[in-house]
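Architecture at a glance
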Amino acid sequence: MRVIGLMSGTSYDAVEAAAADLELRDGTLVMRPLGHLSAPYPDRLRDLIAGSLPPAAVTMRAVAELDTGIGQAFADVAVRAVRELCGGGADLVVSHGQTLYHWVEDGAVRGTLQLGQPAWIAEATGLPVVSDLRGRDVAAGGQGAPLVAMTDVLALAALPGVPAALNLGGIANVTVVAPGAEPLAFDTGPANALMDAAVRHFTDGAAAYDEDGRRAGAGRVDPALLRVLLDDPYYGRPAPKSTGKEHFHLPYLLDALAAAPVAEPDDVLATLARLTAVTVADACRAHGVTRLVVSGGGARNPVLMGLLAEELPGVALGSSDALGLPSDAKEALAFALLGFLTVNGLSGAVPSGTGARRAALLGTVTPGLEPLRLPEPANEPPRLLRIAGGPRCERNAGGA
Ligand SMILES: Nc1ncnc2c1ncn2[C@@H]1O[C@H](COP(=O)(O)OP(=O)(O)OP(=O)(O)O)[C@@H](O)[C@H]1O
Ligand SMILES: CC(=O)N[C@H]1[C@@H]2OC[C@@H](O2)[C@@H](O)[C@@H]1O[C@H](C)C(=O)O
């Protein structure tokens, strides 16, 4: 089955698309990646998203505009993916949408809101669309995140020691696959969320992130600020747990800076980079991780990666590219895989990761142009992911 995965993460910079041929063979999920592309959000839409994220208050009209605008942006990227990655034909689109609110109270997830009306994607491509993948896991008592855990578990299953996957997006999440134990998956805290917020703040919006970690690399860690930040009870909470930009946003950072003032912006960035490295490393140490497979935008930050290596001596650090999962496309491929499981009657949830009572079938299916025809439900869930070949092409729609 030829599947396109669409994703925009908490950094809401661009819509990522990745295509793959997927097939279940005797307990092995065979994935042949066909390439990926990335298209930045139109400026107006990105501004609307930025202005609507917590702690902002928004009108219902803004919610409708976001749902339509994000749906249309995803539809444009899906049309390109069909043409440019799939030779003009695909079977299914899987859309994560854009998370606008992840509602966590006392550690439990009460709801999670991903916008991007899938009807636009179905109408533009004529293909069935699986969307809204998190809600069902939440309804089954889970966190609804991290959902990339299924891909991680299947991809890491054959590796020795205690391998873990780490994604450094706005928020950092890990999946730990220890032999003989149920897999764990949880958000460790901010990856780039606070660093990005700081850079935007210090540059009055002129820069969106600390390119190659230059500012963090030039600064010095402020121990008082680091202490204040590490005091957040989130880090000490046991898994399952998830978080988002509802918690780790600019006002949160400004509160910390009010408690522990730091004069030099670069020192703030150095401290925030160290915070990410320390909290990720603590999470890995707590679960005996011996090897870390890294993906996401933060993997491009040599200063952050250096700090991580420093905090985790003896742990082998590598990129998910080495497993055949391109770092920038991993989440889009993971969602393609989840939608594929759904239409084959299999759950994409890892309940030991999200804390759900059971592994529910994830998502909502929107029919394409044709009446909906689903495959016969598969007999058994996959135990292993095999990546066949490698990406044949990579394109970028100018930017991001
Ligand atoms: N060259 C670079 N130097 C430093 N940081 C970088 C670089 N490239 C990307 N980043 C960081 O990576 C972030 C984007 O990462 P990514 O696209 O993985 O996040 P996301 O998928 O939106 O988030 P999440 O996984 O939390 O949903 C940028 O906001 C920036 O902070
Ligand atoms: C609610 C939500 O969108 N959560 C995201 C976010 O971004 C990173 C981290 O927090 C992770 O838990 C999740 O995304 C990834 C793709 C996941 O579900 O695996």
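Residues numbered from 1 in each chain as written. Chains lettered and ligands numbered in written order. Predicted model: local features only at pLDDT ≥ 70, side-chain atom pairs only at ≥ 80, totals over all residues. Heavy atoms only, no water.

**What about the UniProt feature "binding site: ATP" (unreviewed entry) in the protein chain?**
UniProt records the feature "binding site: ATP" (unreviewed entry) for G9, T10, S11, Y12, D13, A14, V15 and E16 in the present numbering. Annotated residues from the preceding list that form part of the lining of the second largest pocket: these are Y12. With respect to the element layout, G9 can be found in the loop between strand 1 (2-8) and strand 2 (14-25). For G9, a relative accessible area of 22% translates into the label partly exposed. If we skip the residues at most four places from it in the chain, V15 touches M7, S8, L37, S38, A39, Y41, F74 and V77. (UniProt positions renumbered as here; feature names shortened; annotations may be inferred. 1 Å grid on protein atoms, 1.4 Å probe; cavity = no way out; pocket = protein on both sides within 12 Å on 5 of 7 lines; lining within 4 Å. Helix = DSSP H or I, 4+ residues; strand = E, 2+ residues; numbered from the N terminus. Buried < 20%, exposed > 50% of the residue type's maximum accessible area, 1.4 Å probe, protein only. Contact = heavy atoms within 4.5 Å.)

**Some details on the sheet that holds strand 9 (residues 184-190)**
Picture the strands of a sheet paired through backbone hydrogen bonds; they go either parallel or antiparallel. Read across the open sheet, the five strands follow the order 9-8-7-10-11; overall the sheet is mixed. Single-partner strands in this sheet number two, and they are strand 9 and strand 11 (316-319). The sheet shows a mean angle of 25 degrees between the axes of neighbouring strands, taken without regard to direction. Summarising the sheet, strand 7 (residues 163-168) and strand 10 (residues 291-295) pair through five bridges and their orientation is parallel. Bridge pairing in strand 10 links P163 to R291. Sitting on the sheet, helix 11 (residues 302-311) touches strand 7, strand 10 and strand 11, and the angle it makes with strand 7 is about 150 degrees. (Pairing = 2+ DSSP bridges. Axes fitted to C-alpha atoms, helices over the stretch in contact; angles between N-to-C directions.)

**Topic: the site of ligand 2**
Close to ligand 2 lie 17 residues; T99, R134, L147, V148 and D187 are nearest. Within the side chain of T99, an N or O atom sits 2.6 Å from an oxygen atom of ligand 2. V148 is positioned with one of its backbone polar atoms (N or O) 2.8 Å from an oxygen atom of ligand 2. Protein burial of ligand 2: of its 430 Å² of free accessible surface, 97% is covered by the chains. Elements represented by at least two residues in the shell around ligand 2 include exactly strand 4 (92-105), strand 8 (171-176) and helix 12 (330-343). (Near = heavy atom within 4 Å. Polar contact = N/O pair within 3.5 Å; in protein donor to acceptor, adjacent residues only side chain to side chain. Areas by Shrake-Rupley, 256 points an atom, 1.4 Å probe, with all protein chains shown as cover.)

**A word on the layout of surface pockets**
Counted as a void, the second largest pocket has a volume near 460 Å³. Y12, A50, L53, A197 and R200 are the residues nearest the centre of the second largest pocket, which is lined by 20 residues in total. Counting only elements with at least two residues in the lining of the second largest pocket, the list comes to helix 1 (43-52), helix 6 (193-202) and helix 9 (250-259). Per-element accounting of the lining of the second largest pocket gives the leading share, five residues, to helix 6. Its residues assigned to classes, the lining of the second largest pocket comprises 12 nonpolar, three polar and five charged. (Points joined across faces, edges and corners; volume = space filled by probe spheres on them. Nonpolar A, V, L, I, M, F, W, Y, C, P; charged D, E, K, R; others polar.)

**What about the packing of aromatic side chains?**
By the definition in use, this model includes four aromatic pairs. A network of ring pairs unites the aromatic residues Y234, Y235, F248 and Y252 as a single cluster. The ring of Y234 carries K241 above its face, with NZ or CZ at 4.5 Å from the centroid. (Phe/Tyr/Trp six-rings, centres within 6.5 Å; stacked < 30°, edge-to-face > 60°. Lys NZ or Arg CZ within 6 Å of the ring centre and 35° of its normal.)

**What about the packing of helix 8 (residues 223-230) against helix 10 (residues 265-286)?**
Axis separation between helix 8 and helix 10 bottoms out at 10 Å; the angle between their running directions is 45 degrees. Classed by the angle they form, the pair helix 8 and helix 10 counts as oblique. Crossing hand, helix 8 versus helix 10: right-handed. The segment helix 8 lies against helix 10, with L225, L226, L229 and L230 engaging V268, T271, L272, R274, L275, V278 and T279. (Parallel < 35°, antiparallel > 145°, perpendicular 65-115°, else oblique. Left-handed = near helix turned anticlockwise from the far one by under 90°.)

**Some thoughts on unusual backbone geometry**
Cis geometry marks the peptide bond from A145 to P146, where omega comes out at -10 degrees. As for its placement among the helices and strands, P146 is situated in the loop between helix 4 (135-139) and helix 5 (149-156). Cis peptide bonds are those with omega within 30 degrees of zero, and the linkage from A239 to P240 qualifies with 5 degrees. The topology assignment puts P240 in the loop between helix 8 and helix 9. If you check the backbone angles, Y12 has positive phi at about 35 degrees while not being a glycine.

**Concerning the site of ligand 1**
Close contacts around ligand 1 come from 20 residues, with T10, S11, D196, D212 and G297 the closest. Contact between ligand 1 and G170: an oxygen atom at 2.9 Å from a main-chain N or O atom of the residue. Relative to its free-state accessible area of 650 Å², ligand 1 is covered by the protein chains to the extent of 86%. When grouped by side-chain class, the residues that make up the shell around ligand 1 number three nonpolar, 11 polar and six charged. In terms of domain composition, the shell around ligand 1 takes at least three residues from each of domain 1 (2-144 + 329-396) and domain 2 (150-323). (Domains from an automatic or database assignment.)

**A few points about the pairing of strand 2**
Here six bridges tie strand 1 to strand 2, and the two strands are oriented antiparallel to one another. The partner of G5 across the bridge, within strand 2, is A18. If you look at the hairpin formed by strand 1 and strand 2, you'll find five residues sitting between the two strands, and Y12 has a positive phi there, around 35 degrees.

**Some points on empty space enclosed by the protein**
The final tally for this structure, using the stated rule, is one cavity of 30 Å³ or more. Considered as a void within the structure, the largest cavity measures approximately 30 Å³ in volume. Around the largest cavity, the lining residues are D152, A155, L156, A165, V293, S320, L323, L325 and K330. For the lining of the largest cavity, the element with the most residues is helix 5, which contributes three residues. For the lining of the largest cavity, the per-class residue count stands at six nonpolar, one polar and two charged.

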